[in-house]
Amino acid sequence: MGEFVTLTVPPTAFNEAVSVVPDVASRADADMPWHEVLLTVLKALAMVLIIVSSVLGNLLVICSVIRYRRLRVITNYFIVSLALADMLVALGAMTFNASVQLSERWMFGLVVCDLWNSLDVYFSTISILHLCCISVDRYVAIVLPLEYPMKMTRTRVLLMILAAWLAPILISFIPIFLGWYATDEYLSSRSPDECSWEVNMWFAVVSSSISFWIPGVIMVCLYLRVFREADRQEQMLHKARGKAQMLVTQNGGADGGKHPVKYALQLDGWLEKIENGSMLASCPRVA
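Residues numbered from 1 in each chain as written. Predicted model: local features only at pLDDT ≥ 70, side-chain atom pairs only at ≥ 80, totals over all residues. Heavy atoms only, no water.

Asks: How would you summarise the overall build of the protein if you had to cite specific residues and measurements?
Replies: Along the protein, the regular secondary structure elements total eleven helices and zero strands. The buried share of the protein, reckoned over its 287 residues, is 31%. Put simply, of all contacts in the protein between residues at least 6 apart along the chain, 71% involve residues at least 24 apart. Of the roughly 19100 Å² of accessible surface on the protein, 68% is carried by carbon and sulfur atoms. (Helix = DSSP H or I, 4+ residues; strand = E, 2+ residues; numbered from the N terminus. Buried < 20%, exposed > 50% of the residue type's maximum accessible area, 1.4 Å probe, protein only. Contact = heavy atoms within 4.5 Å. Areas by Shrake-Rupley, 256 points an atom, 1.4 Å probe, with all protein chains shown as cover.)

Asks: Run through the confidence of the model for the protein, naming residues and quoting values.
Replies: Across the protein, the average pLDDT comes to 80, with 75% of residues at 70 or higher. Here helix 1 (residues 11-18) is the element of the protein with the lowest mean pLDDT, 41, and helix 7 (residues 154-166) is the one with the highest, 96. (pLDDT = per-residue confidence, 0-100.)

Asks: Break down the UniProt feature "transmembrane region" (unreviewed entry) in the protein for me, with residues and values.
Replies: Residues annotated by UniProt as "transmembrane region" (unreviewed entry) correspond here to residues 44-66, 78-102, 122-146, 158-181 and 201-226. The annotated region residues 122-146 carries 88% helix and 0% strand content, and the separation between its end C-alpha atoms amounts to 35 Å. Overall, residues 201-226 shows 100% helix and 0% strand. The separation of its end C-alpha atoms is 36 Å. (UniProt positions renumbered as here; feature names shortened; annotations may be inferred.)

Asks: An account of helix 4 (residues 74-103) is requested, with residue identities and associated values reported.
Replies: Counted at 1.5 Å a residue, the expected span for helix 4 with its 30 residues is 44 Å, and the 44 Å between its end C-alpha atoms agrees. At M94, helix 4 shows its maximal kink, close to 40 degrees. Just past helix 4, the residue E104 takes up positive phi, approximately 60 degrees. (Expected span 1.5 Å × (residues − 1). Bend = angle between axes of the 7 residues up to and from the residue.)

This is the structure:
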């Protein structure tokens, strides 16, 4: 016959085991006061609002250009592509950043960390390059208005957009997934629970030059030239308006003021053509 063995558990051990859950809950309550919980909730709502607003706003821009035929002009090709890039920034970069800000840790491993950093660099660079392309488009339209239809063709614009989407791959996915962007010490000490962004010197110089400094200098130079040209054209319009008013006054006096309405209509039509840029080529240059 087998014998029954009775095990005696000390009361202190039982009490300690039972009190584990209350202790954990009490520590959680102590670590997370109510005002910190409220702050976390407000932060989450703000991030969700920013992401949703960015997605819906850029989607509205895209749908507007697709829906209305009058908006389907060459310049708006850049706008639609830029809106698409900004929408992908919200979906591919802001979402991961929101999870880190709320949980205060990285939960997706090293591969997704590299993917997040690549998407962040990629879409941000695309946005800046699109702004640079828009500055080129505005420069040609204002400084060289008669040559704009020949220079900014549909094929050329699509090639510029394609280059703006492909060029950032050279400073995002390729160097990040191949480990060229950081030092060997940093790559060997990475942890799956952390997603930081530390780069070496050569990557910092090349990446910042392509994604900021070169497009920034180009945009500043082009918009300065556009500003000077716009100021020149404004002076031309003022002079043309003054000469037109003098012409109406002289013609109105020559016929005894019998046809003031006719000359007023002629003046309005002429000034409208000048303001639309169709007669700027025939106007004299202002020194």
